[in-house]
Amino acid sequence: MAPMPNRKKHCPDLEYQIARTLQRTKQRFVDDFSYKIPEIEALQILIQNEAERSNALRRLAFITHQFGGIAATLSLQDIGDCAAEIEQLIAGFNQTPMQLCSLSERIETLLDLMEDALVEAL
Amino acid sequence: MTLLVVDDDRNILDLMAAILASQGHEDVVYAQSGEEALALVNQGQYKFSTFFLDIQMPGMDGVELCGRIRASAEHRRTPIIMLTSMRDKAHVDAAFLRGATDYLTKPIDTTELAARLHVAQLLFDEQQTSLSAIRREENLRLGMSYKSYSETHFDLNDAVSIYDVPRVIGSLEMENYLHRLSRGKRFMCGAICFQIQKRERLFSMTSPLEFYEILTDVAEAIFETLRSYNVMISYVGNGQYVAILPRTLQLNEEELELNLSLKLREFGLIDGDTVPVDATVIVGESVRMSMFDASPHALIARATAKAEVKCAERSSMSRLLPKSMSARG
């Protein structure tokens, strides 16, 4: 992405402007799901493989951390909560089969929520 | 005056642009990495009045960036607000210890953001109008003994910043830190106050620089005495320090006083060459966040009040002691 030390100027119709920015950001965030869903699915498979697990978890933690930061602000509270839950599960992950199972379940839920948002945005 | 917003997520930068514009902030510069932000700071093209830093970013993270910004003399006091999804205490502690002024968590709450930014801007404006106070702190920090009295003078009740002592943060930062903690788990911490006994006398007998050295030594002794507990310490003025402790930690105040006294002797403060004044530190009873009042200000006030009471008790006891001894004799 291009570096952007840019200056954004004051707009007269600010409420309209902020609503438009929120809408545009939400649209871009949800559009990106069409790339993120296959990536998360691939990560979910890699997590089952012990040799690949560590890197896959790191990447998944990064993605869910970003979701957690922005989703609720864009009125996608469920996605934000689910992503935050996954991030926490990864932070406390001790490689037990039970944890792996609950992590997989939450990833499935997140993927469902993302697909719903994508369909709704169409 | 320009704001700098740093976040690796383009969506967050777009949102911040819209939110800050809606709040009337026109001069805002954006960076997508710690490295890019640091280059902008070092370039000196903009005069930044507040920084917003994300924590988790690839490459240089926000906590590291915060420390690097603080290292530049120009931004030693410029407000730095962390804006992050990291809610755990370890990240909150790390950010404040590297010099953060405030800590906000995502998702972005526009009302809270406006309020905290307003406070940060007020702080920055105040710093600009009281440059003599900034110069005074710099003179104190660097121990410039050749400076005149007026260039180093401060009042006893001034909460002067103590620099270069681990786990010691400013009094405003301490309030913000407590505010952040109280948002997470409301009653998770307690506080204990350390008070220099006969502080007025000590203050009047020493030069500002000498008194500041005493304050720094006492801060260091408090840190050394509590170092195994990972506490946060702040000098709150009036010869008083407040340390924030885990709620469940039980400390023996008499033992702490003894250890502090030993540490201060070790530093050569008491009967030593640097400041030949007998400084004693009283440890007040520890207090906890109350479910009826979890405000940072109330916690600090209750802790300092406990130390005041104990100090007053000690003073009256020491006044009575010679009489009772002579009565016995």
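As a reminder, the structure under discussion sits directly above these lines.
Everything quoted here is computed from the prediction, not taken from an experiment. (Residues numbered from 1 in each chain as written. Chains lettered and ligands numbered in written order. Predicted model: local features only at pLDDT ≥ 70, side-chain atom pairs only at ≥ 80, totals over all residues.)

A short note on helix α11 (residues 253–267) of chain B
Residue and element names in this part refer to chain B.
Next up, step 1: Spanning 15 residues, α11 covers 21 Å between terminal C-alpha atoms, matching the ideal 21 Å at 1.5 Å per step.
Next up, step 2: Restricting attention to buried positions, one finds in α11 the residues Leu256, Leu260 and Leu264. Along the axis of α11, the buried residues cluster in a sector spanning 70°; they form a single face. Facing away from the buried side of α11 by more than 90 degrees, the exposed set consists of Glu254, Glu255 and Glu266. (Helix = DSSP H or I, 4+ residues; strand = E, 2+ residues; numbered from the N terminus. Expected span 1.5 Å × (residues − 1). Buried ≥ 20, exposed ≤ 12 C-beta atoms within 10 Å, placed from the backbone. Arc of directions from axis to C-beta.)

Re the environment of threonine 109 of chain A
Next up, step 1: Looking at the secondary structure, you find threonine 109 of chain A in helix α5 (residues 97–121).
Next up, step 2: C-alpha separation for the pair threonine 109 of chain A and cysteine 82 of chain A, spaced 27 residues apart in sequence, amounts to 7.5 Å.

Here we look at the packing of helix α2 (residues 34–43) of chain B against helix α3 (residues 62–70) of chain B
Residue and element names in this part refer to chain B.
Next up, step 1: In contact at an axis separation of 10 Å, α2 and α3 are set at 15° when each is read in the N-to-C sense. The angle between the axes of α2 and α3 places the two elements in the roughly parallel class. Relative to α3, the crossing made by α2 is right-handed. Counting all contacts with α2, which are made through Gly34, Ala37, Leu38 and Val41, the residues of α3 involved are Gly62, Glu64, Leu65, Arg68 and Ile69.
Next up, step 2: Classifying every residue of the contact of α2 with α3 by side-chain character gives five nonpolar, two polar and two charged. (Axes fitted to C-alpha atoms, helices over the stretch in contact; angles between N-to-C directions. Parallel < 35°, antiparallel > 145°, perpendicular 65-115°, else oblique. Left-handed = near helix turned anticlockwise from the far one by under 90°. Contact = placed C-beta atoms within 7 Å. Nonpolar A, V, L, I, M, F, W, Y, C, P; charged D, E, K, R; others polar.)

Some thoughts on the pairing of strand β4 (residues 80–84) of chain B
Residue and element names in this part refer to chain B.
Next up, step 1: Burial analysis of β4 places five of its five residues in the buried class, which makes it a mostly covered element.
Next up, step 2: The alternating pattern of β4 places Ile80, Met82 and Thr84 on one face and Ile81 and Leu83 on the opposite face, and all of these are buried.
Next up, step 3: In this fold, the crossover linking strand β3 (residues 48–53) to β4 by way of α3 has right-handed handedness.
Next up, step 4: Pairing of β4 with strand β5 (residues 102–105) involves four bridges; the strand directions are parallel. Each residue of the ladder has a partner; that of threonine 84, found in β5, is threonine 105.
Next up, step 5: Since β4 and β5 lie parallel, the crossover through helix α4 (residues 89–97) that links them has a hand, and here it is right-handed. (Right-handed = clockwise from strand over helix to strand, strands pointing away. Pairing = 2+ DSSP bridges.)

Description of the sheet that holds β3 of chain B
Sheets are built from strands paired through backbone hydrogen bonds, the pairs being either parallel or antiparallel.
Residue and element names in this part refer to chain B.
Next up, step 1: Taken in spatial order, the five strands of this open sheet run β2-β1-β3-β4-β5, and their pairing is parallel. Each of the sheet's edge strands pairs with one partner strand only, and the pair in question is β2 (28–31) and β5. Going across the sheet, the axis of each strand differs from the next one's by a mean of 20°, ignoring polarity.
Next up, step 2: With five bridges joining them, strand β1 (residues 2–6) and β3 adopt parallel strand pairing. Within β3, the position partnered with valine 6 by the bridge is leucine 53.

Focus on unusual backbone geometry
Residues and elements named next belong to chain B.
Next up, step 1: Residue lysine 106 is joined to proline 107 through a cis peptide bond whose omega torsion reads 5°.
Next up, step 2: Mapping proline 107 onto the fold places it in the loop between β5 and α5 (110–129).
Next up, step 3: Of note in the backbone geometry, asparagine 238 takes a positive phi value of approximately 60° without being a glycine.
Next up, step 4: Among the structural elements, asparagine 238 can be located in the loop between β8 (232–237) and β9 (240–246).
Next up, step 5: When the 18 C-beta atoms within 10 Å are taken as the criterion, asparagine 238 is described as partly exposed.

A closer look at the packing of helix α3 (residues 50–70) of chain A against helix α4 (residues 77–91) of chain A
All names here are of chain A.
Next up, step 1: One can describe the packing of α3 onto α4 by two numbers: an axis separation of 8 Å at closest approach and a directional angle of 145°. Crossing angle aside, the handedness with which α3 passes α4 is left-handed. Contacts from Leu57, Leu60, Ala61, Thr64, His65, Phe67 and Gly68 of α3 reach α4 at Ile79, Gly80, Ala83, Ala84, Ile86, Glu87 and Ile90.
Next up, step 2: When the residues that make up the contact of α3 with α4 are grouped by side-chain class, the tally is nine nonpolar, four polar and one charged.

Considerations on helix α1 (residues 10–22) of chain B
Residues and elements named next belong to chain B.
Next up, step 1: With 13 residues, α1 extends 18 Å from end C-alpha to end C-alpha; this agrees with the ideal 18 Å at 1.5 Å per step.
Next up, step 2: Every buried residue of α1 is accounted for by Asn11, Ile12, Leu13, Asp14, Leu15, Met16, Ala17, Ala18, Ile19 and Leu20.
Next up, step 3: Among the residues trailing α1, glycine 24 stands out with phi positive, at a value near 90°.

Quick look at the nonpolar core
Next up, step 1: Among the nonpolar cores identified, the biggest contains 114 residues, and Leu4, Ala95, Ala191, Val218, Ile222, Tyr241 and Ala243 of chain B are the most heavily contacted of them.
Next up, step 2: At nine residues, helix α10 (residues 208–226) of chain B tops the list of elements feeding residues into this core. (Core = buried A, V, L, I, M, F, W, Y, C linked by C-beta atoms within 7 Å.)

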